[in-house]
Structures are given as structure tokens and as C-alpha cells.
Amino acid sequence: MRPASRTARQLSELAQLNGVQLGYTAHGGRRVTSPPESLLAVLRALGHPVSDSRSIEQALADTRRRGAQRVLEPVAVQRRRGPLSAPVMLDDGTDPADCWIGVQCDDGATHSRRLSDVAVPSGATSDDTDRTAVAVDLSGLGLPVGYHRLTVERDETVAEAVLLVPPPRLPD
């Protein structure tokens, strides 16, 4: 398949939104770009029924819509000080006091707080999707270095992400 320019751009965006690399740097610094056939095969393996320009356009629209509805990014980072690397996205009108944020540490320890108790001023405003970005600082929980599970709960809805807590400084 040799897609037209618009379809090629849509295929590239769809791949990137799904974490698929568009190429790599080979030995000696030579840049290798993934051919459209490879991108299509990987996207199909990820569950997207893509084969032509119409199906690529539909899969891209679906992926964008899911991204706009996402509460948490798939991975968040909490450094020793400051807010998470990405905000919690709430529908406008949702009171952070009605939401719970939890961390299940890789050592089995659990922490749970009202979202309003760990929210920090960010200056973020609602965007055109009727969502509000809530900056969250979990540094006061004293989380250990490691890979943890982050959840945000409201009513019966639970959003999950991987939470990374890096060491203050990586060893040399």
C-alpha cells in the first residue's frame, strides 16, 4: 500500500498515538523509516482493523476520541518534589473531593487520598473538550522508588496508570 500524502500523515499519527515508532536509527547513525505496510501490520496486531484510507481515518478518529476521554496518561512520573508529570483530567463540574486517588506500591503498600487533598494549583483551565486538568502532587506520601499502580476513582469508574518514582539521582 502506497498511501497518499493525507493518508500517510493519518497513518503516522495513528501509529504514534498507539506508541508505534515510525522508524529507528541504525548502526552508524543512518535513519530507517518504517514502511507503511509495517505500520499497518503492527496497528492490526494492536487491534485496529486498518487496511485502507477510510479505515485509517476511522481508527484515528476513534483513537483521538479515546484520548480526549482519558483521565490518566498511561504512565505518570512522581519526582521527589512537585506534581505528577501529567495532570488528572476530569469532566467539567466534577468536584475533586468526590474522587479518590490511590497508589499500590510494588512492595504491597497502599495509599489512598481524596483527589482534592493532593491537588495543587496549576493555572490550568478547561480546554475545548469540557475537561479540567488537575495537577496532583503525591510527593508527601513518601513513595518508594519503583514501579507502582496509580488509580483515580469516581463513583464506579476507575482509571489506571503505571506510576514511576525514580531515585533522586541516577547512579553513575
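About the criteria used
- Residues numbered from 1 in each chain as written.
- Predicted model: local features only at pLDDT ≥ 70, side-chain atom pairs only at ≥ 80, totals over all residues.
- Heavy atoms only, no water.
- Patch = residues over 30% accessible without salt bridge, like charges linked within 9 Å, V, L, I, M, F, W, Y side chains within 5 Å.
- Areas by Shrake-Rupley, 256 points an atom, 1.4 Å probe, with all protein chains shown as cover.
- Salt bridge = Lys/Arg side-chain N within 4 Å of Asp/Glu carboxyl O.
- Helix = DSSP H or I, 4+ residues; strand = E, 2+ residues; numbered from the N terminus.
- Axes fitted to C-alpha atoms, helices over the stretch in contact; angles between N-to-C directions.
- Parallel < 35°, antiparallel > 145°, perpendicular 65-115°, else oblique.
- Left-handed = near helix turned anticlockwise from the far one by under 90°.
- Contact = heavy atoms within 4.5 Å.
- Buried < 20%, exposed > 50% of the residue type's maximum accessible area, 1.4 Å probe, protein only.

### Looking at a nonpolar patch on the surface
Move 1: Together, Val75, Tyr147 and Val162 make up a nonpolar patch on the protein surface, roughly 300 Å² of accessible area in all.
Move 2: Tracing the sequence through the fold places Val75 in strand E3 (residues 75–77).

### Examining the packing of helix H1 (residues 5–17) against helix H3 (residues 53–69)
Angle between the axes and distance between the axes: these two values describe a pair of packed helices.
Move 1: Remark: H1 packs on H3, axes separated minimally by 9 Å, with the N-to-C direction vectors making an angle of 40°. It follows that H1 is oblique to H3 by the angle criterion. The handedness of the crossing between H1 and H3 comes out as left-handed. Where H1 approaches H3, its residues Arg6, Thr7, Gln10, Leu11, Glu13, Leu14 and Leu17 are matched on the opposing element by Ser53, Ile56, Glu57, Ala59, Leu60, Thr63 and Arg64.

### Some remarks on unusual backbone geometry
Move 1: Positive phi outside glycine occurs at Asp155, with the angle close to 55°.
Move 2: With respect to the helices and strands, the residue Asp155 is situated in the loop between strand E9 (146–154) and strand E10 (157–165).
Move 3: By relative accessible area, Asp155 is classed as exposed at 63%.

### Observations regarding the side chain of Thr63
Move 1: Among the structural elements, Thr63 can be located in helix H3.
Move 2: Excluding anything up to four places from it in sequence, Thr63 contacts Leu14, Leu17, Asn18 and His48.

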